[in-house]
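# Descriptive structure summary
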Amino acid sequence: MNFPELAAPTLQPHSEQYHVLPLPPLEAGAPQSWMVSVADAKYHWYDLVAGFPETPDIRDPIGRYQRRMQFELEALAAQHHLFFAVIRPRVRFDIKGAIQWGFFSLKLTLPLLMGADEARESITIELKVPFAATMKKPTVMLTPNFVTLNWGGLIEAFSIHDILQNYAHALKIPSKVVYVGQTRDNDARLSKGRLPALQKLHAQQSEHFDTLLLVQQLDVQVSCADGDPAAAPQYADPLAADALQGERMDVVEAALINYFEGPATRNHEQRTLRAARLGAVQAGQNLAQFTIDLQYPDAGRYNYLCSGQVDSAKRHLLSCFIADGQAKVTPMPLPPQPKSAKAAKG
């Protein structure tokens, strides 16, 4: 997921506080309908942040990997993106197991330990020689969390979740959404492992599950007789445009909380603040309806999502509206696949 160069963030606490910069006072215009889709998405392994308080050593390939992830998460603090905290059964490389190469090929079989009981499994991947390599076959080193490939002129580092996400395998591992939040946070607590909700979740889940963050840049297409308010002159000011984007993400976040977590989640104060916020946005934007289309074609084998109340699917299409301070959400049937896609799949 590539994010543009970031300007200095404006002061704004975490989205659950719902204290935001005020928008210019406007009379509600024509009714709006939104179409919300995923413009970009990327997984980050949150456990590496939560369990690694010191600054990684960038002279080490694994340290560079971790520091790069921290930089990406720090940059998100200035952006209005959403994230899902996703848990998957614990998986590690078996550092005592045997690494095997295929005959006359770059097929590499890596040993795994699955679940809290550390059941033995394996995954076979086929490597491609990178451009900067000076060796035809790399030297392989395993840690519980990472595999490093030393090609001579280049050393690559991949986490266990990079491997499972991007290479074919027959392992049936669910991705369960347990928390929905926003990245915008002046204190950048997400990248420091200091967001209280995720600290609590990590403490509860870390023994049996791995926690990942699915960060999503969402695109909001507005249908309105007056046009998209974002194009109006009063939103040419960066602060006003930022506040408008914050309003939209608050609405989408509330809908996804209801869908994946349930309307009774979070504490009473948070639900009260959210209801007031949604009512204000609905009145100010004259929001009649919005549709959310979640699908992740670039997420590899981590593109299926479920939750405690949602069945696993690689696409979630939702019809939403606001009533009585609540984001009402109804799953929609998926449109039929084009015949060409069905033929290719078969």
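Below is a summary of the structure that appears in this document. (Residues numbered from 1 in each chain as written. Predicted model: local features only at pLDDT ≥ 70, side-chain atom pairs only at ≥ 80, totals over all residues. Heavy atoms only, no water.)

### Notes on the environment of Thr272
Formally: Strands are runs of DSSP state E lasting at least 2 residues, helices are runs of H or I lasting at least 4, and numbering of each runs from the N terminus. Exposure categories follow from relative accessible area, calculated using a 1.4 Å probe and restricted to protein chains: below 20% of the type maximum is buried, above 50% is exposed, and the middle band is partly exposed.
You can see Thr272 is positioned in helix H7 (residues 268–285). The partly exposed category is assigned to Thr272, whose relative accessible area is 43%. In this structure the C-alpha to C-alpha distance between Thr272 and Gly325, which are 53 residues apart in sequence, comes to 8.6 Å.

### Observations concerning unusual backbone geometry
In this structure, Phe104 takes a positive phi of about 55° despite not being glycine. Along the chain, Phe104 turns up in the loop between strand S4 (100–101) and strand S5 (107–114). What makes Phe104 exposed here is its relative accessible area of 86%. A positive phi angle, near 55°, is found at Glu118, a position not held by glycine.

### Focus on the sheet that holds strand S9 (residues 155–159)
Put simply, the test is: A pair of strands is considered paired only if DSSP assigns at least 2 bridges between the two. Axis definition: a line fit to C-alpha positions, over the contact stretch in the case of helices; interaxial angles, taken between N-to-C directions, run 0 to 180 degrees.
In space, the three strands of this open sheet follow the order S7-S8-S9, with antiparallel pairing throughout. Each end of this open sheet is capped by a strand with a single partner; those strands are strand S7 (139–142) and S9. Averaged over all adjacent pairs, the angle separating strand axes in this sheet is 20°, with direction ignored. As defined by bridge partners, strand S8 (residues 146–150) adjoins S9 across five bridges and the pair is classed as antiparallel.

### What about the pattern of salt bridges?
It is possible for side chains bearing opposite charge to pair when their charged atoms get close. The criterion, for reference: Counted as salt bridges are all cases of a side-chain nitrogen of Lys or Arg within 4 Å of a carboxyl oxygen of Asp or Glu.
Enumeration over the complete set of coordinates arrives at 10 salt bridges. Across the salt bridge formed by Arg67 and Glu74, the nearest N and O atoms sit 3.4 Å from each other. Residue class for Arg67 comes out buried when judged on its relative accessible area of 18%. One salt bridge connects Asp210 with Arg92, and the closest N-O pair in it is separated by 2.9 Å. On the criterion of sequence distance, the pair formed by Asp210 in strand S11 (residues 209–223) and Arg92 in strand S3 (residues 91–93) is long-range, its members being 118 residues apart. Take Asp210: its relative accessible area is 0%, and that puts it in the buried class.

### Topic: H7
Using the following cut-off: The span you would expect from a helix comes to 1.5 Å times its residue count less one. Each direction from the helix axis to a C-beta atom contributes to the arc, which is the arc of those directions. Note on contacts: a residue pair qualifies if any of its non-hydrogen atoms lie within 4.5 Å across the two residues. Think of a polar contact as two N or O atoms within 3.5 Å of one another; within protein, one of them needs to be a possible hydrogen donor and the other a possible acceptor, and neighboring residues in sequence only count if both atoms come from side chains.
Helix length check: H7 (18 residues) gives 26 Å between terminal C-alpha atoms against 26 Å at 1.5 Å per residue, within 8%. Buried within H7 are the following residues: Arg274, Arg277, Leu278, Val281 and Gln285. Taken end-on, H7 shows its buried residues confined to a sector of 100°, consistent with a single buried face. For H7, the exposed residues set more than 90 degrees away from the buried face come down to His268, Glu269, Ala276 and Ala283. Tucked inside the fold, the buried residues of H7 contact strand S1 (32–45), helix H6 (238–261), strand S12 (287–295), strand S13 (315–323) and strand S14 (326–331). The N-cap residue of H7 is Asn267: its side-chain oxygen and the backbone nitrogen of Glu269 are 3.2 Å apart. Taken from the residues just after H7, Asn286 is the one with a positive phi, measuring 55°.

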